[in-house]
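Structure at a glance
Below, each chain spelled out in residue letters.
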Amino acid sequence: MADPCPLAPSSCDCFVSLPPASAAREVIFGKNSDRPKDEVQEVVYFPAATHAKGAKVQCTYIEVDQVERTHAVILSRPAWLWGAEMGANEHGVCVGNEGVWTKEPVGEEEALLGMDLVRLGLERGGNAHEALQVITALLERYGQGGPCKEEPTPFVYHNTFLLADRTEAWVLETAGRFWAAQRIQEGARNISNQLSIDTDITAEHPDLREHARRQGWWNGEGKFSFTEVFSLVHQPVRMEAAKARYCAGRQLLRQHSGQITASTIMTILRDKASGICVESEGFATTGSMVSVLPQDAHLPCVHFFTATPDPSRSVFKPFVFVPGITPFPQVQAPRFGDRDPIKERPRFQSRVDRQHELYRRHQLVLEALDSHQAECQKIQECLQGLEQQALEAVKNLLAGSFTLKTQELADLFFDCVNAELQFYK
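Not measured: the values here are computed from a predicted model. (Residues numbered from 1 in each chain as written. Predicted model: local features only at pLDDT ≥ 70, side-chain atom pairs only at ≥ 80, totals over all residues. Heavy atoms only, no water.)

1. Side note on the overall build of the protein chain
This is how the line gets drawn: Put simply, DSSP H or I for four residues or longer makes a helix, DSSP E for two residues or longer makes a strand, and each gets a number counted from the N terminus. We compute the radius of gyration from the C-alpha atoms alone; for a globule the expected value is 2.2 Å times N to the 0.38, where N is the number of residues. Working definition: with a 1.4 Å probe on protein chains only, accessible area under 20% of the residue-type maximum means buried, over 50% means exposed, and in between means partly exposed. Residue contacts are counted whenever heavy atoms from the two residues lie within 4.5 Å of one another. Each accessible area is a Shrake-Rupley estimate made with a 1.4 Å probe; only the visible protein chains count as cover when residues are assessed. Positive residues here are Lys and Arg, negative ones are Asp and Glu, while His and the chain termini are left out of the count. Charged groups are reduced to one reference atom each: NZ for lysine, CZ for arginine, CG for aspartic acid, CD for glutamic acid.
In terms of regular secondary structure, the protein chain is built from nine helices and 18 strands. For the protein chain, the C-alpha radius of gyration of 21 Å lies close to 22 Å, the compact-globule estimate for 425 residues. The buried share of the protein chain, reckoned over its 425 residues, is 57%. Considering only contacts within the protein chain whose residues lie at least 6 apart along the sequence, 71% involve residues at least 24 apart. Accessible surface computed for the protein chain: about 17,400 Å², of which carbon and sulfur atoms make up 50%. Considering the protein chain, the positive charge centre built from 43 side chains and the negative charge centre built from 55 side chains are found 1 Å apart.

Next up, the structure:
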């Protein structure tokens, strides 16, 4: 049996801001993906596609039924798996997941990873609620499980999700095949590796309460709090740390309420004092994402990705869905085909180098500068300048101050990645 609560620290944090917490008529989504420190995270784009009736799709471990049409998506994902830690689709839907441990046991049996469910929800959901329905239906049918990191020692967890679109957000929390969801229509919300839905449940698994009653976790009378009923009775130290991060994140959102922008969420994701930006011996923030979802449907949604570890020393680069996206191989990991350790049995008995070009250059520069603080400060200021230019351009674009041609938008992410690479040279 896998250790349900490993000693190594692990964490993720997701944030969403809706008016009136947002400074403008925008929904702002953000996530830090906190994973094993040496794990490479890549950013990949998949165009919309049609599929033959009755087709199957191979996820990380298992096949599931394919749908006839999938939406275009951009994903930030650990380079070894099929799914994603976070991403967005062409309809302005964003989804991020986090690991969680509850009274429902986790097992090593391979099923869908929470990260697979992120991608499946984005590929099939035209809005946040549709994506939620996709995820819960697949969860109930196929279950969740299997190793969640690229190592022979099992590391298994269940999942919580934050989903957002131009008009609303949803928190989805799971325990095995069971789930509860909460709709958010205004203000700000965050999640941090723990259950957080109390009695304000908007939707739930049809057998949720009866299952809890059968297990002796709820007497069938009075209020039903998903958090109280399904949380572990004795929380390990690492889960207490998640609670502290959740409280810190909520406080940071409250401090900026009414003035929250993409830049605000980026600053929160870079906050090391709270533990939201993770840098520990075993785990680190390996990728970050911030999205701006204007409530005016005539304006484009803009999605920023770092594609490199540690947002405090990375650049958020913008992406916009348009036809003819220019490929960006500089942030895509090499492929190993049938020789990939995830495809061999038993799995993960060897390691391969998954570093993409931007990751490698970023790491080399930072390692060289760690012993030269003055030079490091100059580099940081230049990188911040690159990011600020992109933020100003996006702000003006959404304000209608200027327009970009379709081809310029198609090139946008590639050009920003290339500018960062040229800087490292």
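There is more to say, and it comes next.
2. With respect to the pattern of salt bridges
How we decide: For this document, the term salt bridge refers to a Lys or Arg side-chain nitrogen within 4 Å of an Asp or Glu carboxyl oxygen.
If you walk through the whole model with that rule in mind, you get 26 salt bridges. Measuring nitrogen to oxygen at the nearest pair gives 2.4 Å for the salt bridge that ties Arg213 to Glu210. Taken together, the residues Arg213 and Glu210, both in helix H3 (residues 208–215) and three residues apart, mark about one turn of the helix. A relative accessible area of 41% means that Arg213 is categorised as partly exposed. Its relative accessible area of 32% is what places Glu210 among the partly exposed residues. Of the charged contacts in the structure, one is a salt bridge between Asp310 and Lys272, with a shortest N-O distance of 3.1 Å. Of this pair, Asp310 sits in the loop between strand S17 (302–305) and strand S18 (317–319) while Lys272 sits in the loop between helix H6 (262–269) and strand S16 (283–294), placing them 38 residues apart in sequence. With relative accessibility at 9%, the residue Asp310 sits in the buried group. Each of Lys272, Glu279, Asp310 and Arg313 takes part in one network of salt bridges that share partners.

3. A look at the packing of aromatic side chains
The relation between two aromatic rings is expressed through the spacing of the ring centres and the mutual angle of the planes. Inclusion rule: Aromatic contacts are taken between Phe, Tyr and Trp rings whose centres are within 6.5 Å, Trp giving its six-membered ring; a plane angle under 30 degrees counts as stacked, one over 60 as edge-to-face, and the others as tilted.
As enumerated under the stated definition, the model contains 15 aromatic pairs in all. Look at Trp218 and Phe224: their rings are 5.0 Å apart centre to centre, the planes differ by 80 degrees, and that puts the pair in the edge-to-face class. With respect to burial, Trp218 and Phe224 carry one shared label: buried. Measuring from ring centre to ring centre gives 6.3 Å for Phe319 and Phe328, while their planes differ by 80 degrees; the resulting arrangement is edge-to-face. No difference in accessibility class separates Phe319 from Phe328, as the two residues are buried.

4. Regarding the nonpolar core
Spelled out, the test is: Side-chain atoms within 4.5 Å are what join buried Ala, Val, Leu, Ile, Met, Phe, Trp, Tyr and Cys residues into a set we call a nonpolar core.
Core analysis: the biggest nonpolar cluster contains 78 residues, and Phe230, Ile265, Val290 and Phe304 have the highest contact counts within it. What Phe304 contacts, discounting residues up to four positions off in sequence, is Met266, Ser288, Met289, Val290, Val292, Phe316, Lys317, Pro318, Leu391 and Val394. Ranked by size, the runner-up nonpolar core spans 45 residues in total, among them Tyr61, Val106, Leu113 and Tyr142.

5. Points about helix H9 (residues 406–424)
Our working definition: Given a helix with a known number of residues, its expected span is that number minus one, times 1.5 Å. One fitted axis covers the seven residues ending at a residue, a second covers the seven starting there, and the bend at that residue is the angle between these axes.
Given a rise of 1.5 Å per residue, 19 residues ought to cover 27 Å, and the 28 Å separating the end C-alpha atoms of H9 matches this to within 8%. Of all the bends in H9, the greatest measures close to 50 degrees and is centred on Leu412. Along H9, the residues classified as buried are Leu409, Ala410, Leu412, Phe413, Val417, Glu420, Leu421 and Tyr424.

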